[in-house]
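# Fold and geometry: a report
Residue strings, one per chain:
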Amino acid sequence: MTSHVTTSIEPSGIRWQSILPIVAVLALAGLGLVSSDYIVTVLGFAFIYAIFCTGLNFFMGYTGQASFGQSAFAAIGGYGSAILCTDYGWEPLLALLATMVLSGIAAVLVGYPTLRLRGHYLAMATFALGLIVYEITIEWTALTQGYMGYSGIPPLGIAGFALDTLKHQLVALVVLSLVGIGIAARLRQSRFGRALASIAGSESAAQALGVDIARYKLIAFVIAALYASAAGSLFAHFVGFISPEIYGTTMVIQSFAMLYLGGIGTMWGPMIGAIIVSILPEALRGLKEMQDIAYTAVLIFILIFAPRGLAGLSVLFRRTHDRVQEKA
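The paragraphs below set out a description of the structure included in this document. In this text, all values refer to a predicted model and were calculated from it rather than measured experimentally.

### Quick notes on the packing of aromatic side chains
Applying the stated criterion to the full structure yields 14 aromatic pairs. Taking the centre distance of 6.4 Å and the plane angle of 85° together, the rings of F68 and F127 count as edge-to-face. With F68 in the loop between helix 2 (37-62) and helix 3 (70-88) and F127 in helix 5 (residues 119-139), the pair connects residues that are 59 residues apart, well separated along the chain. Relative accessible area serves as the criterion here: at 34%, F127 is assigned to the partly exposed category. A connected cluster of aromatic rings, assembled from ring pairs, spans F45, Y79, F235, F238 and Y247. When the ring centre of Y216 is taken as origin, the NZ or CZ atom of R215, which lies over that ring, is 5.4 Å away.

Here's what the structure looks like:
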């Protein structure tokens, strides 16, 4: 399997394109803060998935590799936080950081042999990783409580201060998702990010230029695992309950839809895709029996007319603007 990668499709040097997405996200969050708890919950899930997809985008979009197993690291984060907080009384933030370290170690151990594979072999190996961890969460009932799940997980907080309300947690999720995107963008623009872009373009050419392909792939895989683990932990603290199906294949499918709909390989694609895929079913709920059909039709329509994702439309607008300027 070959990952379809879009590199450097976002125009640079246009200030409004950097500010407008942030303003839109803050406006959406502000709208959520004056809405019902149900809307806040939907938006909270969207921003958690935005963090998850940002990590997935780092490995698939920036590095050009295929991974179907990021849900495994989300499960490590979620169950790790649940166990540490409910059974051992850890502070939620410390538990989140500890599970991120654990997921990073697991990513190194798994990624070192796995990332030597390429194409659909790599995709199959990572998918198997997700299935293995999913089965562990079901069968190892002494640790995970199986389908009964973990309840009573405390909200995010530290040093006795907890974000008790959903709206407080939404603010924290918005901030964390924006920080996550900012970190990914910084890494992409660094020397490390340029090495990843060369790997995405051509591994043979990158190797000829002296890029240590195995090393850079592994680092990108670990970074994606850290994002996934953080998202899994945040989900546990946001909902207060987790069970195996949360981190199953549905998470993989949904994250892929978000990533490709928003724009793989773009900075804001994961955020846009996560928000659209999370909100769209709620917006179409009034259609009742026709909801699934309308939802699918909208997604297909977007993918047909915006094959680079919604974030890639900025390139189309820029090219149109440039042509108009040239004619003028």
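### Here's the deal with the packing of helix 8 (residues 191-201) against helix 10 (residues 213-239)
The interhelical angle for the contact between helix 8 and helix 10, taken along N-to-C directions, is 110°, at an axis separation of 10 Å. By the angle class used here, helix 8 and helix 10 are roughly perpendicular. The element helix 8 and its partner helix 10 pack so that their crossing is left-handed. For the pair helix 8 and helix 10, contact is made by F192, A195, L196 and I199 and by I213, Y216, K217, I219, A220 and I223, respectively. Along the lines of polarity and charge, the residues of the contact of helix 8 with helix 10 split into 9 nonpolar, no polar and 1 charged.

### Quick notes on unusual backbone geometry
One non-glycine residue, Q145, lies in positive phi territory at about 65°. Tracing the chain through its elements places Q145 in the loop between helix 6 (141-144) and strand 1 (150-151).

### Remarks on the environment of A230
With respect to the element layout, A230 can be found in helix 10. By relative accessible area, which is 11% here, A230 ends up buried. Spatially, the C-alpha atom of A230 lies 9.3 Å from that of S103, the residues being 127 residues apart in sequence. Not counting chain neighbours up to four residues away, the residues in contact with A230 comprise L96 and M100.

### Overview of the pattern of salt bridges
Counted according to the given criterion, the structure contains 3 salt bridges. Residue E203 is joined to R118 by a salt bridge in which the shortest nitrogen-to-oxygen separation is 3.1 Å. One end of the pair, E203, is in helix 9 (residues 203-208); the other, R118, is in the loop between helix 4 (92-114) and helix 5, with 85 residues separating them in the sequence. Exposure remark for E203: the relative accessible area of 15% places this residue in the buried category. Between E282 and R285 there is a salt bridge; the shortest N-O distance is 3.0 Å. Look at R285 and you get partly exposed, because its relative accessible area is 44%.

### Digging into the nonpolar core
If you look at the biggest cluster of nonpolar residues, it comprises 79 residues, and the most contacted ones within it are F47, F58, I242, Y247 and M271. Not counting residues within four places of it along the chain, the set of residues in contact with M271 comprises V25, F47, A50, S177, L178 and I181. Among the nonpolar cores identified, the runner-up in size contains 6 residues, and L56, F256, L259 and I264 belong to it.

### Focus: helix 8
Along helix 8, the residues classified as buried are F192, G193, A195, L196 and I199. All buried residues of helix 8 project into a common sector of 155° when viewed along the axis, lining one side. Along helix 8, exposed side chains directed more than 90 degrees from the buried face belong to R191, R194 and G201. Of the surrounding elements, those touching the buried residues of helix 8 are helix 2, helix 7 (166-189), helix 9 and helix 10.

### Topic: helix 5
With 21 residues, helix 5 ought to run about 30 Å at 1.5 Å a step, and its terminal C-alpha atoms sit 31 Å apart, in line with that. Taken together, the buried positions of helix 5 are occupied by L122, A123, T126, L129, G130, V133, T137 and I138. Lining the buried residues of helix 5 we find helix 3, helix 4 and helix 6.

### Structural notes on the environment of G240
Among the structural elements, G240 can be located in the loop between helix 10 and strand 4 (241-242). Classification of G240 as buried rests on a relative accessible area of 15%. Beyond its immediate chain neighbours, meaning those up to four positions away, G240 contacts Y150, S151, G152, I153 and F235.

### Let's talk about the side chain of K217
Following the sequence through the fold, K217 ends up in helix 10. In contact with K217, other than residues within four places in its own chain, are F59, Q65, L115, L117, R118, I199 and E203.

### Regarding the side chain of T144
Structurally, T144 can be placed in helix 6. Reaching out from T144, the side chain makes a polar contact with the backbone oxygen of T137 at a distance of 2.6 Å. Residues contacting T144, with those up to four places away along its chain left out, are Y79, I136, T137, I138, G149 and Y150.

### As for a nonpolar patch on the surface
A contiguous nonpolar surface patch, about 600 Å² in accessible area, is contributed by L31, L33, V34, V171, V175, V179 and I183. Breaking the nonpolar patch down by element, the ones donating at least two residues are helix 1 (15-33) and helix 7. Of all the elements, helix 7 adds the most residues to the nonpolar patch, at 4 residues. The residue V171 is located in helix 7 in this model.

Thresholds applied
Counting of residues starts from 1 at the beginning of each chain's written sequence and follows it residue by residue. Only residues with pLDDT of at least 70 get local features here, since the model is predicted, and only at 80 or more are side-chain atom pairs given and counted; chain-wide, interface and lining totals rely on the full set of residues. The side-chain figures draw on all heavy atoms in the structure; neither hydrogens nor water molecules are used. Think of it this way: a Phe, Tyr or Trp ring, Trp meaning its six-membered ring, pairs with another when their centres are within 6.5 Å, and the plane angle makes it stacked under 30 degrees, edge-to-face over 60, tilted otherwise. Going along the chain from the N terminus, every DSSP run of H or I of four or more residues is numbered as a helix, and every run of E of two or more is numbered as a strand. Residue exposure (1.4 Å probe, protein chains only): buried if accessible area is under 20% of the type maximum, exposed if over 50%, otherwise partly exposed. Only when the NZ of Lys or the CZ of Arg is both within 6 Å of the ring centre and within 35 degrees of the ring normal is a charge said to sit over the ring. Every angle, taken between N-to-C directions, lies between 0 and 180 degrees, and every axis is a line fitted to C-alpha atoms, over only the stretch in contact when it is a helix. An angle below 35 degrees is treated as roughly parallel, one above 145 as roughly antiparallel, one from 65 to 115 as roughly perpendicular, and anything else as oblique. Crossing chirality is assigned from the near helix's rotation relative to the far helix, an anticlockwise turn below a right angle marking it left-handed and a clockwise turn marking it right-handed. Here, residues are in contact when the closest pair of their heavy atoms is within 4.5 Å. Polarity classes work like this: nonpolar for Ala, Val, Leu, Ile, Met, Phe, Trp, Tyr, Cys and Pro, charged for Asp, Glu, Lys and Arg, and polar for all others, with Gly in that last group. Only one rule defines a salt bridge in this text: a Lys or Arg side-chain nitrogen within 4 Å of an Asp or Glu carboxyl oxygen. Note on terminology: a nonpolar core comprises buried Ala, Val, Leu, Ile, Met, Phe, Trp, Tyr and Cys residues joined through side-chain atoms within 4.5 Å. Note: the arc covers the axis-to-C-beta directions of the helix. Here, expected helix span is obtained from the residue count minus one, scaled by 1.5 Å. Polar contacts here mean pairs of N or O atoms no more than 3.5 Å apart (in protein, one a potential hydrogen donor and the other a potential acceptor; neighbouring residues in sequence count only if both atoms are side-chain atoms). In this analysis, a patch consists of residues with relative accessible area above 30% that form no salt bridge, clustered at 9 Å for like charges and at 5 Å for the nonpolar side chains Val, Leu, Ile, Met, Phe, Trp and Tyr. The accessible surface values rely on the Shrake-Rupley method and a 1.4 Å probe; as for residues, cover is taken only from the protein chains in view.

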